[in-house]
Amino acid sequence: MSVAIDLALKTEAHVTGMALAYNPVMPGYLIAPMPADYLEQARKQSQDDAKAALTEFEGAAGRNGVRYESRMVQMAGGGAADPFIAQCRLSDLIVIGQYDSERGDAIGEVLIEAALFDSGVPIMIVPYAGKPKLAVDHMMVAWDGSATAVRAIRSAMPLLKLAKKITVVMVDRGQIKSGEPGAEVATYMSRHGLNVTLETISSPETSVSDALLNFVSDNGVDMVVMGGYGHSRMREFVLGGATYGMLKSMTVPVVMAH
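Draft legend 1. Region of the structure containing the overall build of the protein chain. The secondary structure content of the protein chain amounts to 9 helices and 11 strands. Put simply, the protein chain has 258 residues, and 40% of those count as buried. Partitioning the intrachain contacts of the protein chain with sequence separation of at least 6 by distance along the chain shows that 77% fall at a separation of at least 24. Surface summary for the protein chain: the accessible area is close to 14300 Å², and the carbon and sulfur share equals 51%.

Below, the structure written as structure tokens:
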């Protein structure tokens, strides 16, 4: 919330706060029916929590003087994220908190994957660890030449133009490449008025995501821009290794596009 409001301030954008209220759905394997009053109490509690979150958002947005609106979206517990995605599609950026895999945050994982693969909108995932803040002084672009990486750069262009320093990072895993790797994307970005530095890092013994995260830590990177990769499997998505690694272990906000 604070990152989205701060971003709206920096870019003079309109920000919409969205809170999800869940209608409880009982598993089909239960034999005994759940009492109606229990279901109603669970539904009301979820709505009350959503209203409280929106009140907090409205107070913070109002204090900061940004243009805003708030919406409560009704969702079926454990169901598809379609109502959430429908609200997101006519926006320029989705800002959402990282899910905590160690706490079994299955809902957060579903929402992020749905936003990344089904919305058609770039997303910014804010890490749950530490104090959330928006900083764009040093931005890193993870470049592998893929279509998703290109979409991420285009989607993040307004953010990239706020940066004082941009590093395009490529991970060398022993591939044979002709010419100077990354030169063309550097030229493309320079035509948008961006001054970029190219860096190639090796990861012979680590994963791509670990190599990128190490660079973030060692070089004071404030935000990462990268393509989000996944395989479709009957409306479910299997995340690519680098995407999954970043979503699980990110330490700074990450902007992804698919």
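Draft legend 2. Highlighting unusual backbone geometry. The residue glutamate 12 is not glycine, and still its phi comes out positive at about 55°. Looking at where glutamate 12 falls in the secondary structure, it is placed in the loop between α1 (2-11) and β1 (14-23). Given a relative accessible area of 67%, glutamate 12 falls into the exposed group.

Draft legend 3. Structural detail: helix α5 (residues 147-155). All buried positions along α5 are accounted for by Thr148, Ala149, Ala152 and Ile153. Looking straight down α5, one finds that the buried residues subtend no more than 140° of arc, so they occupy a single side. If you follow the buried residues of α5, they end up packed against β5 (138-142), α6 (157-160), α7 (183-190), β8 (223-227) and β11 (254-257).

Draft legend 4. Structural context of the layout of surface pockets. The space that makes up the largest pocket amounts to roughly 1600 Å³. Residue lining of the largest pocket: 50 residues in total, with Ala4, Thr16, Ile94, Val95 and Ile96 positioned closest to the centre. Elements represented by at least two residues in the lining of the largest pocket include exactly α1, β1, α2 (36-64), β2 (67-76), α3 (82-88), β3 (94-97), α4 (106-118) and α6. In terms of residue count, β1 provides more of the lining of the largest pocket than any other element does, 8 residues in total.

Reading guide: rules and limits
Residues numbered from 1 in each chain as written. Predicted model: local features only at pLDDT ≥ 70, side-chain atom pairs only at ≥ 80, totals over all residues. Heavy atoms only, no water. Helix = DSSP H or I, 4+ residues; strand = E, 2+ residues; numbered from the N terminus. Buried < 20%, exposed > 50% of the residue type's maximum accessible area, 1.4 Å probe, protein only. Contact = heavy atoms within 4.5 Å. Areas by Shrake-Rupley, 256 points an atom, 1.4 Å probe, with all protein chains shown as cover. Arc of directions from axis to C-beta. 1 Å grid on protein atoms, 1.4 Å probe; cavity = no way out; pocket = protein on both sides within 12 Å on 5 of 7 lines; lining within 4 Å. Points joined across faces, edges and corners; volume = space filled by probe spheres on them.

Any link to function would need more than the numbers given here.
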